[in-house]
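So you can see what is in the structure, the chains are spelled out below.
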Amino acid sequence: MTLFASIAQDFVRLKGLAPDQRPAGRMVALVGDAELDEGNVFEALLEGWKHDVKNLWWIIDYNRQSLDSIVNDRLFNRIDTLFEMMGWRVVVLKYGKKLEAAFARPDGEHLRDWIDACPNSLYSALVYKAGSFWREHLQRDLNRYPGIRQILDEHDDEALHRLMTNLAGHDMAAVLDAFHAVQDDRPTCFIAYTIKGFGLPFAGHKDNHAGLMNTDQMALFKQRMHIADGAEWDRFAGLDMAPSALEQFLARVPFAADPDRGRIAAAVPVPELPVPAGTAMSTQEGFGKILNDLAGGASALASRIVTTSPDVTVSTNLGGWVNRRGIFHHTEFADVFRDEKVVSAQRWAMAPAGQHLELGIAEHNLFLMLAALGLTAPLFGARLLPIGTLYDPFINRGLDALNYGCYQDARFMVVATPSGLTLAPEGGAHQSINTPLIGMGQPGLAAFEPAYVDELAALMAWAFGHMQAEQGGSVYLRLSTRQLEQPTRPLTQELRDGVIGGAYWAVPPAPGAELAIAYCGAVVDEAKAAHAALLEDLPGAGLLAVTSPDRLHSDWLAHRRAGRSDSLAECLLSALSPDAALVTILDGHPAALSWLGAAGGCRVEPLGVERFGQSGDIPDLYKEYALDSAAILDAAARACLGRLG
């Protein structure tokens, strides 16, 4: 996250968007050595190298212990190499001032060699066992050196333990020397040797991750820390300086002296977004046209949009936006194909003026990038409106970063397309099933799946405002590559409110109707065809367009908790008979809509996708997975029979 925040800082600064243009700050992370087992760390390092990341420090707490065990001895030999390969400076903080002084004495180099060669597991065990056991091993291995014997004679067991555990990560003088030595903006990795549980009775023990001191141990610890009973929470307890001197010192520290670390950025005005012209269009295509139209203008909104994508920029319809707004990089790079007069629909020049960040195929990095860009307002005082595109099934690859981006209240728009088994030509491996449920279950993320482009235009305009609102959040748009005939209708305020709220009646039911079909997304044509056929026998049947199962569901739950029964879902379904039947359908998991039965008191026949997809064309797959009009009619028949029976 710090790596991508540094890139976001450069984006803001190179464009002059920060209101006061303060000096660039360093992004600093404290990293556990065992956390370097996580593969995304190295995906992020590679992305940072590609984007020439600056002003970034990672301080690795190299205590050589993971949660369950001791870290492999050979890990260090890989850590420094990997960082150096990615262009980082590596600074190793291994020994404190006491040990360095001991190494400078006669035969001291043998003590250094002994510690360097000591396996992590043995060193940790000796830390736990303490002084006399250090002496036993050192006498056995180094007693032939007079200088070592003299060091041992000068130190009792307690002093010897303090010497042998004097690692640089616990020695503030050594740490400050290393920090102050770095004067440039090159990314720097400090590998700080430490002891897990340093100063505690279970320090070094391989099982100490959840260790707790007993009452006697805590009393002894407080005594050593000079903490009096009842003073445990006093700000300066145990320190040997006057509180007034400490207060004066803290008042001069730049980090603490700045009262405005959480910036406030002005809102960006959002105009109404025109609906792209066209009789047949997919929502993915409509998204590209809306952005392309914005890119051609000079609005404040267009100047604050930044897009990013993990190597699927063109196939998610960002190409028009990129052609007009360019790719961001610290340094200008020409489009060689264009310069060599090779015909291409895409312009791929890079410059600081660009507004698209191209990423490699690592969706976890995409969500980290979106989170960092979505926090520029409170971090740097410059509001950006980030949009990230990816294939819908690959949201699953980046869920951890998506979750924590929302947890941090980062504001961004995720455009996931294509989605579902509707992208039939791409085969089963690219089909998404559970993503509507992710959209419903993720806090801080409003999820939508519009069927038509006019709905999409209304939702994008709302989303840009929601991303800036005090009680707002991020937005997820699940789009499709399926071309649909677009409706010719005015987008009235009532219709707009329904689209944003989560649902509206595409065909209102007659009062007391016995049946309704509720659809979401690309299956609209099948739902409309089945509804038209139903009207022969059930002339009052309704057709409900659901644009956001997420918003509709959360609104229903909020009303129930407040003891009310006037949520949007309940109001819409109240037009039906009290014992009406409902058929729900979407190209995703049926649970995303089947809850509507509880909201409306209806018998429900839910249709959707619950298993991995097959390859084929859309008609064949819709038939196989019971998403076609015939399947909807069969479900309607079952629902009506169940209602009567």
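None of the values given here were measured: they were computed from a predicted structure.

**Q** I'm lost on the pairing of strand 13 (residues 474–478) in this one. Help?
**A** A regular strand carries its side chains on alternate faces of the sheet. Extensive coverage of strand 13 is indicated by the burial of five of its five residues. Neither face of strand 13 is open: one carries Ser 474, Tyr 476 and Arg 478, the other Val 475 and Leu 477, and all of them are buried. Of the strand pairs in this sheet, strand 11 (residues 413–416) and strand 13 are connected by four bridges, and their pairing is parallel. Its bridge partner lying in strand 13, Ala 416 is registered against Arg 478.

**Q** Explain the nonpolar core here, please?
**A** As a rule of thumb, nonpolar side chains are buried together in soluble globular proteins. Trp 58 and Leu 111 are the most contacted members of the largest nonpolar core, which has 85 residues in total. The element best represented in this core is helix 18 (residues 363–373), accounting for eight residues. Not counting chain neighbours up to four residues away, the residues in contact with Leu 111 comprise Leu 99, Ala 102, Phe 103, Leu 138, Leu 142, Ile 148 and Met 164. Within the second largest apolar cluster, 69 residues are counted, among which are Leu 273, Leu 294, Leu 495 and Val 583.

**Q** Before we go on, may I ask you to explain the sheet that holds strand 2 (residues 56–62) in this structure?
**A** Whenever strands of a sheet pair, they do so through backbone hydrogen bonds, lying parallel or antiparallel. In space, the four strands of this open sheet follow the order 1-2-4-3, with parallel pairing throughout. Because the sheet does not close on itself, it has two edges, and the strands there are strand 1 (27–32) and strand 3 (89–93). Between one strand axis and the next, the sheet turns by 20 degrees as a mean value, whatever way the strands run. Taken together, the five bridges between strand 3 and strand 4 (residues 188–193) define a ladder with parallel strand orientation. Across the sheet, Val 92 pairs through a bridge with Ile 191, a residue of strand 4.

**Q** How should the environment of Val 182 be read in this particular structure?
**A** Tracing the sequence through the fold places Val 182 in the loop between helix 10 (172–181) and strand 4. Distance in space between the C-alpha atoms of Val 182 and Val 91 is 9.6 Å, their sequence separation being 91 residues. The contact partners of Val 182, leaving out residues within four places of it in the chain, are Arg 26, Trp 57, Arg 89, Thr 188 and Phe 190.

**Q** Looking at this structure, how should I read unusual backbone geometry?
**A** Leaving glycine aside, a negative phi is the common case for residues, and trans is the common case for peptide bonds. The omega torsion across Thr 417 and Pro 418 is 0 degrees, close enough to zero to call that bond cis. Position of Pro 418 relative to the elements: it lies in the loop between strand 11 and helix 21 (435–441). Of note in this structure, His 226 is not a glycine but carries a positive phi near 60 degrees. Structurally, His 226 can be placed in the loop between helix 11 (215–224) and helix 12 (243–252). Phi is positive for Asp 409, which is not a glycine, with a value near 65 degrees. Of note, Asp 409 is situated in the loop between helix 20 (399–407) and strand 11.

**Q** Just checking my understanding: could you explain the packing of helix 2 (residues 39–50) against helix 18 for this structure?
**A** A packed helix pair is summarised by two numbers, namely the angle formed by the two axes and the spacing between the axes. Two elements in contact, helix 2 and helix 18, have axes separated by 9 Å at closest approach and are oriented at 65 degrees. The angle between helix 2 and helix 18 falls in the class roughly perpendicular. At the point where helix 2 passes helix 18, the crossing takes the right-handed sense. Across the interface between the two elements, Asn 40, Glu 43, Ala 44 and Glu 47 of helix 2 pack against His 364, Asn 365 and Leu 368 of helix 18. Tallied by class, the residues present in the contact of helix 2 with helix 18 amount to two nonpolar, three polar and two charged.

**Q** What's the story with the side chain of Asp 10 in this structure? I'm lost.
**A** Along the polypeptide, Asp 10 turns up in helix 1 (residues 2–14). For the buried Asp 10, no salt bridge is present, and the opposite-charge side chain at shortest range is Arg 13, 5.4 Å distant. Beyond its immediate sequence surroundings of up to four residues, Asp 10 is in contact with Lys 54, Phe 328 and His 330.

**Q** Help me understand the pattern of salt bridges, please; the structure alone is not making it clear to me.
**A** Any two side chains of opposite charge can pair, given that their charged atoms come close. Counted according to the given criterion, the structure contains 26 salt bridges. Between Asp 454 and Arg 489 there is a salt bridge whose closest N-O contact spans 2.7 Å. Within this pair, whereas Asp 454 is found in helix 22 (residues 453–466), its partner Arg 489 is found in the loop between strand 14 (484–485) and helix 23 (493–501), the two being separated by 35 residues in sequence. By relative accessible area, Asp 454 is classed as buried at 6%. The class of Arg 489 is partly exposed, set by a relative accessible area of 26%. The partner of Glu 605 in a salt bridge is Arg 603, with the nearest N and O atoms 3.9 Å apart. Take Glu 605: its relative accessible area is 13%, and that puts it in the buried class. Connected through shared salt-bridge partners, Lys 222, Asp 229 and Glu 232 make up one network.

**Q** What am I meant to see in the sheet that holds strand 19 (residues 603–607) here?
**A** Spatially, five strands are ordered 15-17-16-18-19 in an open sheet, and the strand pairing comes out mixed. If you trace the sheet from one side to the other, it starts and ends with strand 15 (503–507) and strand 19, each paired once. Neighbour-to-neighbour, the strand axes of this sheet turn through a mean angle of 25 degrees, independent of strand direction. Sheet topology places strand 18 (residues 576–586) next to strand 19; five bridges connect them, and they run parallel. By the bridge assignment, Val 583 is partnered in strand 19 with Glu 605. Each of strand 15, strand 16 (513–520) and strand 17 (542–546) is contacted by helix 24 (residues 524–534), which is oriented at about 165 degrees to strand 16, the strand it contacts most.

Thresholds, definitions, all that
- Residues numbered from 1 in each chain as written.
- Predicted model: local features only at pLDDT ≥ 70, side-chain atom pairs only at ≥ 80, totals over all residues.
- Heavy atoms only, no water.
- Buried < 20%, exposed > 50% of the residue type's maximum accessible area, 1.4 Å probe, protein only.
- Helix = DSSP H or I, 4+ residues; strand = E, 2+ residues; numbered from the N terminus.
- Pairing = 2+ DSSP bridges.
- Core = buried A, V, L, I, M, F, W, Y, C linked by side-chain atoms within 4.5 Å.
- Contact = heavy atoms within 4.5 Å.
- Axes fitted to C-alpha atoms, helices over the stretch in contact; angles between N-to-C directions.
- Parallel < 35°, antiparallel > 145°, perpendicular 65-115°, else oblique.
- Left-handed = near helix turned anticlockwise from the far one by under 90°.
- Nonpolar A, V, L, I, M, F, W, Y, C, P; charged D, E, K, R; others polar.
- Lys, Arg positive; Asp, Glu negative; His and termini not counted.
- Salt bridge = Lys/Arg side-chain N within 4 Å of Asp/Glu carboxyl O.

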